[in-house]
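# Architecture at a glance
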Amino acid sequence: MSFERRMGPTGGGCAVEGARKRRVEDLALFGGPRAFAEPLHVGRPHLGDRDAFLRRLTDILDRVWLTNSGPYEQEFEQRLAAVLGVQHCVVMCNATVALEILIRALGLQGEVLLPAFTFIATAHAVEWQGLTPVFCDVDPSTHNLDPEAVERRITARSSAIIGVHLWGRPCPVEALEEIAARHKLALVFDAAHAFGCTHRGRPIGGFGNAEVFSFHATKVLNSFEGGAVATNDDDLADRLRVMRNFGFTGYDHVESVGTNGKLTEVAAAMGLTSLESLDRFIALNRQQYHAYREVLSGIPGVALLSHDEQERRNYQYIVVEIDQAAAGVTRDAMQAVLLAERILARRYFFPGCHRMAPYCQRGGGRTELASTDRLASRVLCLPSGSGLEMRDIAVMADIIKLVVENSATVMRRLRDE
Ligand code: T4K
């Protein structure tokens, strides 16, 4: 039996009776009852087979082998590599540490080019290793790195490009490969959002020097916390394995500086259990995505991000762009209305890494990143993941529609109250 089925009302599916709203006064922000009894989350974790996980947990306790390259960690690595079609998948305690170790293992120095429209971990991993993140603008239609913007910011100090497959949609892989080869730069992909996705029919995971996945609780495949570096480079994989274990190559023998990036056996057990249900998780996400698409279509100024249905996608983020000119409301006003209803929509990735400390304090915030700034003011991620019912999605869409239909009143009341 899956965890979800035992979770009950707090797992989602919690629109209250009479949740559907017809007038502005019905909105919770203006005194009406909240639409949901429990909060709806972005990326509510999918959970696999409870009995399978508990069996693995018992094995771990029986074996008294809790971490440090245990049997579940090794099995997880092998299964991941097979699914991704790569030679090596080196699992780590999370994707941020995986990025940091990868940067070290590649011997990167100086400046690294990356998008500003990403989760702050992409930039922090670079900075944490003593390198300088150089923020590049994105293509407003794909939300991914604009290759021309990357090329413009390359200097003699550049050592690598980190492309981010935002929302599970691949970056312009070929264009970045071409630029990286021409300028002799390493090419790495932050694939934190992209497990289970393909590019031109090939699984994300095998591009560039290496790709980094996140198995955080909110990701389509989760190991509570976790991450992995996928690569076809044997030497790089060896270095990654050594570095994640303090630099040890044998008892009492340290070969290089290292850190502790290991994945515990419990996390690996969860990862394996999740992997066994991956197809079901993706099917659930896809169902939710299509339900959103249906109910949001036709609402002026509210555009759901599209996916190439010829490719494999994991649909783990429900991303909308609010165009104030057409919707009559700002993204922030829409979020305020939703939050009051217990719909915990998120402004990922506001305000953009370039506008966060420490980067904004050193001129990064003044960088011309027009598309990033525009997206950061328009994007809203809607609830997704386990326990979300189709009825909840319809209730949310009704609220969004009500707000847009009464945008002038909503904006005026927000200003006045
Ligand atoms: N690169 C990119 C492009 C990334 O997006 C990320 C992480 C990384 C790198 C680094 O990966 P990791 O080092 O984390 O492996 C969350 C996640 O913590 C983070 O993993 C993720 N991206 C980012 C986009 O979102 P927060 O601070 O927004 O998470 P939080 O705690 O607010 O959770 C999000 C929602 O999920 C909430 O509404 C609550 C719900 N939730 C959360 C957890 C942890 C649950 O329902 N259950 C849970 O167990 O960062």
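Here the structure is a predicted model, which is why all the values come from computation and not from measurement.

The subject of this paragraph is unusual backbone geometry. Negative phi is the rule for most residues except glycine; trans is the rule for most peptide bonds. A cis amide bond links Tyr348 with the next residue in sequence, Phe349, at an omega value of -5 degrees. Tracing the chain through its elements places Phe349 in the loop between α12 (331-340) and α13 (370-378). Cis geometry marks the peptide bond from Phe350 to Pro351, where omega comes out at 0 degrees. You will see that Asn68, though not glycine, has its phi angle at about 60 degrees, which is positive.

With that settled, the discussion passes to the environment of Arg331. Position of Arg331 among the secondary structure elements: in helix α12. For Arg331, the residues in contact, after removing those within four places along its chain, are Ile322, Arg347, Phe350, Ala376, Ser377, Arg378, Val379 and Leu380. A polar side-chain atom of Arg331 sits 2.7 Å from the main-chain carbonyl oxygen of Ala376.

Strands sit in the order β12-β13-β14 across an open sheet of 3 strands; the sheet is antiparallel. In the strand order of this sheet, the two ends are held by β12 (302-304) and β14 (379-382), each with one partner. Each strand axis lies, on average, 30 degrees off the axis of its neighbour in the sheet, ignoring direction. Of the pairings in the sheet, the one linking strand β13 (residues 318-322) to β14 comprises 4 bridges and is antiparallel in character. Bridging across to β14, Ile318 finds its partner in Leu382. Most of the contacts of α12 go to β14, to which it runs at about 25 degrees, and overall it touches β13 and β14.

The 7 strands are arranged β1-β9-β8-β5-β4-β2-β3 in an open sheet whose pairing can be described as mixed. With one partner strand each, in any of the chains shown, β1 (88-92) and β3 (132-136) form the two edges of the open sheet. The sheet shows a mean angle of 25 degrees between the axes of neighbouring strands, direction not considered. Bridge count for strand β5 (residues 186-190) against strand β8 (residues 210-214) is 3 bridges, and the pairing is parallel. Pairing of Asp190 across the sheet is with Val212, part of β8. Together, β1, β5, β8 and β9 (227-231) form the strand contacts of helix α4 (residues 95-105), whose direction differs from that of β8 by roughly 160 degrees.

How each quantity is defined
- Residues numbered from 1 in each chain as written.
- Predicted model: local features only at pLDDT ≥ 70, side-chain atom pairs only at ≥ 80, totals over all residues.
- Heavy atoms only, no water.
- Helix = DSSP H or I, 4+ residues; strand = E, 2+ residues; numbered from the N terminus.
- Contact = heavy atoms within 4.5 Å.
- Polar contact = N/O pair within 3.5 Å; in protein donor to acceptor, adjacent residues only side chain to side chain.
- Pairing = 2+ DSSP bridges.
- Axes fitted to C-alpha atoms, helices over the stretch in contact; angles between N-to-C directions.

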